[in-house]
Amino acid sequence: MPANMSCSSSPSIFLGLDLSTQSLKAVALSVPGVEKALEDIEAGLSWEGGGSSKVIWEEEVNYEDALGSDGVSRNGSRCTQGVSTYLRAFDELMRRARADPAMGRMMKHVRAIGGCAQQHGAVYWASEGEALLRKLNESAPSSGGGGGGNNNQDDSPTLYAPLEGWGAFSRSDCSIWMDSSTEDVCDELNLKFGEDVVSKRTGAAFTPRFTGPQLAKFARDDPELFQATSSVQLISTFLTSLLLGAMGPTDFSDSSGQNMVDLRTREYDGEILAALDPSGALISKLSSPIVPSCTVVGVVGGVLRGYGFSPTCQVVAITGDNPSTAASMNLNISSAAISLGTSDTLMTTFSEIDEATRGSDSFTFPNPTKDQTFINMTCCTNGGTVRAQACSDIAGGDWSVFDRIISSGSGKRGGDDGGGSSKWLMKCPVDESSPRVPRGNFRSGGGWIPEDELYALVQTRIMHLDQKSPKGISRIMLTGGGSRSPAIAQLIADVFGADVWHVRSGSGNAAALGGSLMALQGFVSGKNRMPVDYSDISGKIAEAGWEVWKTPDGAMEDFYASIKDDYREWEMSVVAKGVEKKGRSKLKGKTTRSLFDWLLGRNN
């Protein structure tokens, strides 16, 4: 998606990539006056140029549209994705960038490349992989002029796609976050270590989609192929390696999605690795070192230089999509992010890891933009799909009617329940991840009318997210499909007692935009004699694209504050019903109250 581009004498372009399950996206950010910004910061002045930066080029290679398939393979609870999907998409994106009349001319001005990838997934290299990757980059032809909108693909450099044909990978498929086949492995490991212990060490209890349990299952199910695997890389590290043309290091923030890294020591946890693979072979296969986010790890390899990138174009360690999204918002201790999509996600920031690890139904990762701080993420499974069905059933599929019902809030003061109570409703067509309840519908009281149901559904979700948040939140960054609803935004402001912000300008590809901002941060940190805080330059650019949308209504804020304890008690009762429905297998060694807290994701 080309945009108007200003060709100044010395532009500074920072490219961000997002290698997701459905597509590979790119955002090119033009930042004027980078050198002047560094001079101001060194002189103790505040840089005020955040609003002058612009997204000048965006592109998306949708796997289904561009490649004919997303490469995802499902077999029961097992879910993988072909590594060739990533390679072919990478080739296609580079071809489009080079052929674009504007971006093709500007590729030589890209100062640094950053980005992100889907979390938890892994790529499996064969013993010849590293040598083949280096060979491919060493043999790549030069760009022959550095791009410039050349649509002739015959002179393209040697592409990454041959890697698979050359036998660079021990497995042609990658384990990805959608896989849930390791539940038995996770149960065994959580019983061995204790969920709370593992959560405090690695950021999460052993979780089926995480890399560590995936590797344990791989080693048990196919020990011969596991031994033949020379290197295991997170998908983010794999993308770093493609950019460098050599094996790259692992980003610290994304490394937490493996269940294998001790967040305090920033190293692989030897005790956990031994439990995952008693043979002791795993440690030699893992990418190292683990580097801080926004670290410059080298310059682009021969293939990218062949497309027109400068030989001095830097590569910043690729992170995970959730950390990169946080970077696009410049999250801090007083702010939180809520994404209302297919699932509903809450991200909050903490200065202490013990505060950040908030239970077994959430995931903690290092803040990619502020060292020694951590972000906790809670993901609720039954989100946008459930709201869409309720809109269809109750509002006739009309979202404006949906908003009117939410705004009128016919159920918020209790209806026939009387008193000052409210109505609560969880609809879970699939097992809910936070709070942990099985599939089913859970509601309070009686005397319901359809409008009550719609309001209660939205209100209940927002109350749960508020329960998972720390005190003192003053700003909510709202994204996702549900963020377009002004009524939902107002409800969030009232429940949290915080201003709700939404995107005013810039790119809608938050994860890729975060990658470009992290590339900028890596670039300026390497050039300046003094430390450059993320908020000095990149953070100001991030915040310039947001604006206040909704503020709390004082009376409604007080009302919701008065019923939060009532909601907590109702939620605990729902969890108790879930325990009864699923059986008593997890009661062993726990009191009823501690089990409730465990399932609700709270630490005593």
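Residues numbered from 1 in each chain as written. Predicted model: local features only at pLDDT ≥ 70, side-chain atom pairs only at ≥ 80, totals over all residues. Heavy atoms only, no water.

Caption draft 1: A look at the pattern of salt bridges. Across all of its chains, the model carries 23 salt bridges by this definition. Across the pair Arg436 and Glu195 runs a salt bridge, and its minimum N-O distance is 3.9 Å. Linking Arg436 in the loop between β21 (425–428) and β22 (440–443) with Glu195 in helix α8 (residues 195–202), this pair joins segments that are 241 residues apart in sequence. Classification of Arg436 as partly exposed rests on a relative accessible area of 26%. Classification of Glu195 by relative accessible area gives buried; the value is 14%. In this structure, the salt-bridge partner of Asp466 is Lys564, at a minimum N-O distance of 3.1 Å. (Salt bridge = Lys/Arg side-chain N within 4 Å of Asp/Glu carboxyl O. Helix = DSSP H or I, 4+ residues; strand = E, 2+ residues; numbered from the N terminus. Buried < 20%, exposed > 50% of the residue type's maximum accessible area, 1.4 Å probe, protein only.)

Caption draft 2: Inspection of helix α20 (residues 486–496) at higher detail. Along α20, nine of the 11 residues are buried, which leaves the element largely enclosed by surrounding structure. Just downstream of α20, Gly497 is the residue with a positive phi angle, here 65°.

Caption draft 3: Local environment of the environment of Ala168. Tracing the backbone through its elements, the reader meets Ala168 in the loop between α6 (162–165) and β8 (173–175). Between the C-alpha atom of Ala168 and that of Trp125, which follows or precedes it by 43 residues, the distance is 6.0 Å. When residues no more than four places from it in sequence are discounted, the contact partners of Ala168 are Trp125, Ala126, Gly129, Leu132 and Leu163. (Contact = heavy atoms within 4.5 Å.)

Caption draft 4: Here's a closer look at unusual backbone geometry. The step from Ser434 to Pro435 runs through a cis peptide bond, and the omega angle for that step is -5°. Mapping Pro435 onto the fold places it in the loop between β21 and β22. In this structure, Asn259 is a non-glycine residue whose phi angle is positive, near 65°. Along the chain, Asn259 falls in the loop between α12 (252–255) and β11 (261–262).

By themselves, these are just geometric observations and shouldn't be taken as functional.
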